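Overview (structure and organization)
Listed here are the chains, written in short residue letters.
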Amino acid sequence: MSEPEGPKLVSLTEVSRETREQALDRLYDEHAAALRRFVVARVVGNLDVDDIVQDVYARLAGMDALAEKLPPGNRSTRAFLLTMANRLVIDRERHRGVRRQHRERLQLLQDRDRAPSPESIVLARDDLDAVAAAIDGMKPQWRRAFVLNRFSQLSYRDVARTMNVSTKTVEKYISKALLHLRAALLRD
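Residues numbered from 1 in each chain as written. Predicted model: local features only at pLDDT ≥ 70, side-chain atom pairs only at ≥ 80, totals over all residues. Heavy atoms only, no water.

**Looking at the overall build of the chain**
Put simply, the rule is: Going along the chain from the N terminus, every DSSP run of H or I of four or more residues is numbered as a helix, and every run of E of two or more is numbered as a strand. Each residue is placed in one exposure class: buried if its accessible area under a 1.4 Å probe, protein chains only, is under 20% of its type's maximum, exposed if it is over 50%, and partly exposed if it falls in between. Pairs of residues are marked as contacts when any of their non-hydrogen atoms sit within 4.5 Å. Areas reported here follow the Shrake-Rupley algorithm with a probe of radius 1.4 Å; residue values treat only the protein chains shown as occluding.
Check the secondary structure of the chain and you find 8 helices and 0 strands. The order of α-helices and β-strands along the chain, N terminus first, is α-α-α-α-α-α-α-α. In the chain, which comprises 188 residues, the proportion classed as buried is 27%. Considering only intrachain contacts with a sequence separation of at least 6, the fraction spanning at least 24 residues in the chain is 57%. Of the roughly 13600 Å² of accessible surface on the chain, a fraction of 52% belongs to carbon and sulfur atoms.

**So, the packing of helix α6 (residues 140-150) against helix α8 (residues 167-187)**
Where we set the bar: Each axis is a line fitted through C-alpha atoms, taken for helices only over the stretch in contact, and angles between the N-to-C directions span 0 to 180 degrees. Angles are sorted into four bins: roughly parallel if under 35 degrees, roughly antiparallel if over 145, roughly perpendicular if 65 to 115, and oblique for all others. Gly is placed with the polar residues, together with every amino acid not listed as nonpolar (Ala, Val, Leu, Ile, Met, Phe, Trp, Tyr, Cys and Pro) or charged (Asp, Glu, Lys and Arg).
One way to put it is that α6 packs onto α8 with a least axis distance of 8 Å and a crossing angle of 95°. Regarding the angle of α6 to α8, the classification is roughly perpendicular. Contacts from Q141, W142, A145, F146, N149 and R150 in α6 reach Y173, I174, K176, A177, L178, H180 and L181 in α8. Broken down by class, the residue content of the contact of α6 with α8 amounts to 8 nonpolar, 3 polar and 2 charged.

**Description of the environment of D50**
As a reminder of what qualifies: A 3.5 Å cut-off defines polar contacts: any pair of N or O atoms within that distance qualifies, except that in protein one atom must be a possible hydrogen donor and the other a possible acceptor, and neighbouring residues in sequence count only when both atoms are side-chain atoms.
Considering the arrangement of structural elements, one finds D50 in helix α2 (residues 49-62). For D50, a relative accessible area of 46% gives the class partly exposed. Measuring from C-alpha to C-alpha, the distance between D50 and A32 comes to 9.7 Å, with 18 residues separating the pair along the chain. Here R36 takes part through its side chain, which lies 3.0 Å from a polar atom of the side chain of D50.

**Focus: α8**
Operational definition: To estimate how far a helix should extend, the number of its residues minus one is multiplied by 1.5 Å. The arc in question is the one spanned by the directions pointing from the helix axis to the C-beta atoms.
Taking 1.5 Å of rise per residue, 21 residues should cover 30 Å, and α8 covers 30 Å from first to last C-alpha, within 8% of that figure. Along α8, the residues classified as buried are V170, Y173, I174, A177, L181 and A184. Buried residues of α8, viewed axially, fall in a sector of 90°; they line one side. Pointing more than 90 degrees away from the buried face of α8 are the exposed residues K168, K172, L179, R182, L186 and R187. Buried-residue contacts for α8 involve α5 (118-136), α6 and α7 (156-163).

**Quick notes on α5**
If you check α5, its first and last C-alpha atoms are 27 Å apart, about what 19 residues at 1.5 Å a residue would give, namely 27 Å. Taken together, the buried positions of α5 are A130, A134 and I135. Buried residues along α5 cover an arc of 135° about the axis, so they all sit on one side. Exposed positions of α5 whose direction lies more than 90 degrees from the buried face are P118, R125, L128, D129 and D136.

**With respect to the packing of aromatic side chains**
To keep it simple, the criterion reads: The pairing test for Phe, Tyr and Trp rings, Trp by its six-membered ring, is centres within 6.5 Å, and the orientation test on the planes gives stacked under 30 degrees, edge-to-face over 60, and tilted for anything in between.
Inspection of every chain in the model, using the stated rule, returns 2 aromatic pairs. With a centroid separation of 4.9 Å and 75° between ring planes, the pair formed by Y28 and Y57 is classed as edge-to-face. Taken together, the residues span a long stretch of sequence, with Y28 in helix α1 (residues 20-42) and Y57 in helix α2 at a distance of 29 residues. With a centroid separation of 6.0 Å and 85° between ring planes, the pair formed by F146 and F151 is classed as edge-to-face. A residue is classified by how much of its surface remains accessible, and F151, at 53% relative accessible area, is exposed.

Scope: geometric values only; no functional claims are made or implied.
Structure below.
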């Protein structure tokens, strides 16, 4: 009694030109799972795994004289397929790096285009000088309350404690400081 034979492993070197498509299908059935595991171990995101496996078989299908290029034996065929897949992974990573560099350069150019113009910088400095002059022109108590509240970000209560005055007095100081600031800026 003979033992039942397992699935016969295909080698394209034994296949005639007429059965090339069938041989590729069988080759896919035999090696796709191993190829997929191999690619998963090398690819960062699983999105490209099926594409890479598909590309390997698409390249096989497009090869002329494929039977002569594939080494004899199943292990050699699998090694050949894994080498192809590895090269495709390297090519994709290299291409991804080039695209990333291109995006970074494009972003730098866009950021440079968004940079303020020299004219707007001069106008902003003039506005800041006008605000600084208006603040300097305030009464000292108003200025101190305003600066503590707006620039040191202290609450009215904390400003009152710092200045040793009531919260109501701080409200009046800041109110008068804002009115003074508005009047000075409208004059400019």
